[in-house]
Amino acid sequence: MGMVTESQFHVLAVDDSLFDRKMIERLLQKSSCQVTTVDSGSKALEFLGLSENYCMPGMTGYDLLKKVKESAAFKSIPVVIMSSENVPARISRCLEEGAEEFFLKPVKLADLTKLKPHMMKTKLKNQKLEEIVKPDGNEENAVLIPEIKEDSSVIEILPLHQELESEQLEQTLSSNKRKSMEEAISTDRSRPKYNDITTSV
Amino acid sequence: MLGLGVDRLQADINRLLTSLFHQGVLDEQFLQLQQLQDDTSPTFVYDVINIYFDESDKLLRNLRLLLMDREFSDYKKIGLHLNQLVGSSSSIGARRVRNVCVAFRSASELSNRPGCLRGLEVVEHEYHYLKNMMHEIFQLEQQRLLAAGARYPM
C-alpha cells in the first residue's frame, strides 16, 4: 500500500535476520520510505544489477559496502552503518570505507531523520537509493544508497555484525518456514491481520 | 458489562507492563516499538516480538548445543549468536535479557567455558521469564480485542 510518488525514497535493507528486516522496514515505512528487504548480499547485488563478479562466498555487509563503493554506478550512494556496539575504531573503519552515517541499535524513529540530508543530496543528483546493510560479525551494520530508477530513490542499509550469507547460521537454524520467509522479498504492502493469536512456544 | 470487561482487561495489561518496566525487564525502547504500530500496521508489536522469540529460541538452542558439545571450542560463533541476541533484545526493549547476554558474551570473549555455561543459564532464565510475561500480555490483549469487538456501536 502507499503510492510511490516521485519524491519517495526507496530503501533496500539487507540483513540475514528476519527480525532486523522487519524492524528496519517498519522504521523506514514510518519515515515515508518505500522499502525492499533482502536476506543476503548476493540478492542485494542482484537487486542492484551488479554483476556476478561482485559476489564472493561468505560476503559480509562490510564487503558489500566496499563493493558498492567501488562500483561506478553506486559509489555516490549514501551508506549508513548499523550496530549494537559503539566501537569507535570499527565505526571509523566503515566511515573511511565511504559510509556516511552510523546508527546505534536500538534504532529509534528519531534516528531516521539522519537520512534526510542524504536524501535531499541524492534527490538533487537524481539518485535516490539507500541501502541498509549488516556486515560481518563484531562489526557495524553499513547502509548503502545505490540507484535503482531515475525517479526513485533507494537507500541500502547493511548490518555489520554478521555475514550476509550466514551459511553456518542458516544450517543450524534450519526450518523450512523460516527459509521461505527469508527468501521472500517484502514490500511495504500492509500485512494480513492475525485474528487468532496462538502462542507457540 | 462488556464495557467493564474491556476496561478490566486493559487495566490488567497496563498493570503487567508497568510491573515489567519497574522490574527493569522492559525499557523505553519497548515504547518505541509501540510507536511503530498504527492503522497501516496494526499488529506490528505482536508480529515483531513473535519473530524475536522465534529467532531467539533457535539462537539459544544453538548456544546450548554448542556448549554441551565436549569438543566445543568455537567461541567466535558463540559471540556471533550473542551479538544478534544483544541487538534484537535491545531493539524490543528487553533490557534484562540484553544485559545478561552482554555478560555471557564477556565470558565467551575470555574463552571461559564454565562462565559461558553459567551465562547461558542466566540468559535462558531471563528470556523465558520475558517470554511468559509477553505471552500473558498477548493473551489478555486478544481477550480485550474480542470483548471490544462484541460492543455494538451506539
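Residues numbered from 1 in each chain as written. Chains lettered and ligands numbered in written order. Predicted model: local features only at pLDDT ≥ 70, side-chain atom pairs only at ≥ 80, totals over all residues. Heavy atoms only, no water.

*Asks:* I'd like a rundown of the overall build of chain A, residues and numbers included.
*Replies:* Scanning chain A from terminus to terminus reveals seven helices and seven strands. Listing each helix as α and each strand as β along chain A from the N terminus yields β-α-β-α-α-β-α-β-α-β-β-β-α-α. Across the 201 residues of chain A, 56% fall into the buried class. Of the roughly 8900 Å² of accessible surface on chain A, a fraction of 50% belongs to carbon and sulfur atoms. (Helix = DSSP H or I, 4+ residues; strand = E, 2+ residues; numbered from the N terminus. Buried < 20%, exposed > 50% of the residue type's maximum accessible area, 1.4 Å probe, protein only. Areas by Shrake-Rupley, 256 points an atom, 1.4 Å probe, with all protein chains shown as cover.)

*Asks:* Which residues make up the nonpolar core, and what values go with them?
*Replies:* In this structure, Leu28 of chain A together with Leu33, Ile49, Tyr52, Phe104 and Leu130 of chain B are the most contacted members of the largest nonpolar core, which totals 67 residues. Among the elements that line this core, the one with the most residues is helix α3 (residues 44-68) of chain B, at 13 residues. Core analysis: the next-biggest nonpolar cluster, separate from the first, contains 21 residues, Ala44, Leu65, Ile77 and Phe102 of chain A among them. (Core = buried A, V, L, I, M, F, W, Y, C linked by side-chain atoms within 4.5 Å.)

*Asks:* Can you tell me about the UniProt feature "domain: HPt" (unreviewed entry) in chain B, naming the residues and giving the values?
*Replies:* Look at the UniProt record and you will see "domain: HPt" (unreviewed entry) annotated at residues 41-137 of chain B. The span residues 41-137 of chain B shows a helical share of 85% and a strand share of 0%, and its end C-alpha atoms are spaced 19 Å apart. (UniProt positions renumbered as here; feature names shortened; annotations may be inferred.)

*Asks:* Give a detailed account of the pattern of salt bridges, specifying residues and quantitative values.
*Replies:* The full count for this structure, using the stated rule, is 15 salt bridges over all chains. Here Lys105 of chain A makes a salt bridge to Asp20 of chain A, at a shortest N to O gap of 3.6 Å. With Lys105 of chain A in the loop between β4 (101-104) and α5 (116-125) and Asp20 of chain A in helix α1 (residues 18-30), this pair connects stretches of sequence that are 85 residues apart. The same class applies to Lys105 of chain A as to Asp20 of chain A, namely buried. Each of the salt bridges in this network shares a partner with another, and the network as a whole consists of Arg26 and Lys30 of chain A together with Asp38 of chain B. (Salt bridge = Lys/Arg side-chain N within 4 Å of Asp/Glu carboxyl O.)

*Asks:* Can you lay out the pairing of strand β1 (residues 9-14) of chain A for me, pointing to particular residues and giving the numbers?
*Replies:* Residue and element names in this part refer to chain A. Of all the six residues making up β1, six are buried; the element is thus mostly covered by neighbouring parts of the structure. The side-chain alternation of β1 yields two buried faces, one formed by Phe9, Val11 and Ala13 and the other by His10, Leu12 and Val14. With six bridges joining them, β1 and strand β2 (residues 33-38) adopt parallel strand pairing. Residue pairing for β2: Phe9 is matched across the bridge by Cys33. With respect to chirality, the unit in which β1 leads through α1 into the neighbouring parallel β2 is right-handed. (Pairing = 2+ DSSP bridges. Right-handed = clockwise from strand over helix to strand, strands pointing away.)

*Asks:* Before we move on, could you go through the packing of aromatic side chains and cite the residues and values that matter?
*Replies:* This model, assessed by the stated rule, comprises seven aromatic pairs over all chains. Geometrically, the ring pair formed by Tyr52 of chain B and Phe53 of chain B is tilted, given 5.4 Å between the ring centres and 55° between the ring planes. Judged by relative accessible area, which is 1%, Tyr52 of chain B ranks as buried. Judged by relative accessible area, which is 2%, Phe53 of chain B ranks as buried. Taken together, Phe19 of chain A together with Tyr52, Phe53 and Tyr127 of chain B form an aromatic cluster joined through their ring pairs. When the ring centre of Tyr62 of chain A is taken as reference, the NZ or CZ atom of Arg93 of chain A above it lies at 4.0 Å. (Phe/Tyr/Trp six-rings, centres within 6.5 Å; stacked < 30°, edge-to-face > 60°. Lys NZ or Arg CZ within 6 Å of the ring centre and 35° of its normal.)

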